[in-house]
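Residues per chain are reported as follows:
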Amino acid sequence: MRTPDRAPVQIAIDGPVASGKSTVAKRLAQRLGFAFLDTGALYRAVAFMALQSGVKPNDERGVDALAERALPEVVSDERDPRSYRIRLDGRLLGPELFAPAVSQAVSPIAAMPAVRKRLIGAQRAFALHRDVVMAGRDIGTVVLPQARFKFFLTASVDARVDRRWRELHDAGIRITREELHAEIVARDLRDTTRAVSPLAKAPDAIVVDTSDLTIEEVADSLERTVAAKNQP
Ligand code: DC
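Worth saying up front: this structure is predicted, and the values here are computed from it rather than measured.

A short note on unusual backbone geometry
The backbone of Ala18 sits at a positive phi, close to 65°, despite the residue not being glycine. Unlike most non-glycine residues, Ser197 shows phi in positive territory, near 45°. Considering the arrangement of structural elements, one finds Ser197 in the loop between α8 (177-193) and β8 (206-209). Residue Ser197 is classed as buried on the basis of its relative accessible area of 14%.

Set out below in structure tokens:
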């Protein structure tokens, strides 16, 4: 853990959907004793609020007005200070953020410049005073461009379809591989071509192709990089 006499260490992990970034980031944070934040949860919280309020996910003014009234916050989990919860309007959110309806609504919302601007503060504030591993799409490029370590995880579309299909199948959600393939290709396109903070590799990020690696193997590789650079 961090001692007060040194600056916090920030580790940014970006990558496309189902590249393994969130699971790897969480695993790496556990191994290093760092805090962990999956920033997608903040965008999901805004999408959740839009769905609850009957605001259409493509209604930028409507969605921004909601976010202005109740901005999601990242709060440390009382039981585990290295973990976090998302609080919205006094309510702690959890699995509801990962419901299929939220996953569908979130992409256009994450492309809204006004919403992105509002959510950046919460992400930076979380990284200010603690060692952190943060997963997202624009952490190394926009949120924490000064991060000490930046990783960009990739994987083939087929590998990502397989992973996500298994996850959804285990959760009892029925979708064909063909449908999922089309959905992932469409999400990649939206994430990489949006005008503000598109999914992009920072010039100084280390690329890791996770197609044929397990979570533990990817975490091993990242941990080795961090340990090598942190040698006295
Ligand atoms: O990683 P995820 O599927 O939970 O992300 C949810 C949405 O938020 C997805 O459309 C990508 C977007 N997102 C983003 O634009 N920037 C981030 N830093 C994190 C997620």
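Topic: the packing of helix α3 (residues 60-69) against helix α5 (residues 113-128)
Close contact between α3 and α5 brings their axes to 9 Å; oriented N to C, the two are set at 20°. If you check the angle between α3 and α5, you find them roughly parallel. In this structure, α3 crosses over α5, and the sense of that crossing is left-handed. Each of Glu60, Val63, Asp64, Ala67 and Glu68 in α3 lies in contact with α5, whose residues at this interface are Pro113, Ala114, Val115 and Arg118. For the contact of α3 with α5, the per-class residue count stands at 5 nonpolar, no polar and 4 charged.

Brief notes about the site of the ligand
Near the ligand, the surroundings consist of 15 residues, among which Arg44, Arg116, Asp138, Arg187 and Arg194 are the closest. A distance of 3.0 Å is found between a nitrogen atom of the ligand and a side-chain nitrogen or oxygen belonging to Thr39. One nitrogen or oxygen atom from the side chain of Arg194 is found 2.9 Å from an oxygen atom belonging to the ligand. Here the ligand loses 97% of its free accessible area of 450 Å² to cover by the protein chains. Among the residues making up the shell around the ligand, the classes are represented as 3 nonpolar, 4 polar and 8 charged.

Cut-offs and rules
Residues numbered from 1 in each chain as written. Predicted model: local features only at pLDDT ≥ 70, side-chain atom pairs only at ≥ 80, totals over all residues. Heavy atoms only, no water. Helix = DSSP H or I, 4+ residues; strand = E, 2+ residues; numbered from the N terminus. Buried < 20%, exposed > 50% of the residue type's maximum accessible area, 1.4 Å probe, protein only. Axes fitted to C-alpha atoms, helices over the stretch in contact; angles between N-to-C directions. Parallel < 35°, antiparallel > 145°, perpendicular 65-115°, else oblique. Left-handed = near helix turned anticlockwise from the far one by under 90°. Contact = heavy atoms within 4.5 Å. Nonpolar A, V, L, I, M, F, W, Y, C, P; charged D, E, K, R; others polar. Near = heavy atom within 4 Å. Polar contact = N/O pair within 3.5 Å; in protein donor to acceptor, adjacent residues only side chain to side chain. Areas by Shrake-Rupley, 256 points an atom, 1.4 Å probe, with all protein chains shown as cover.

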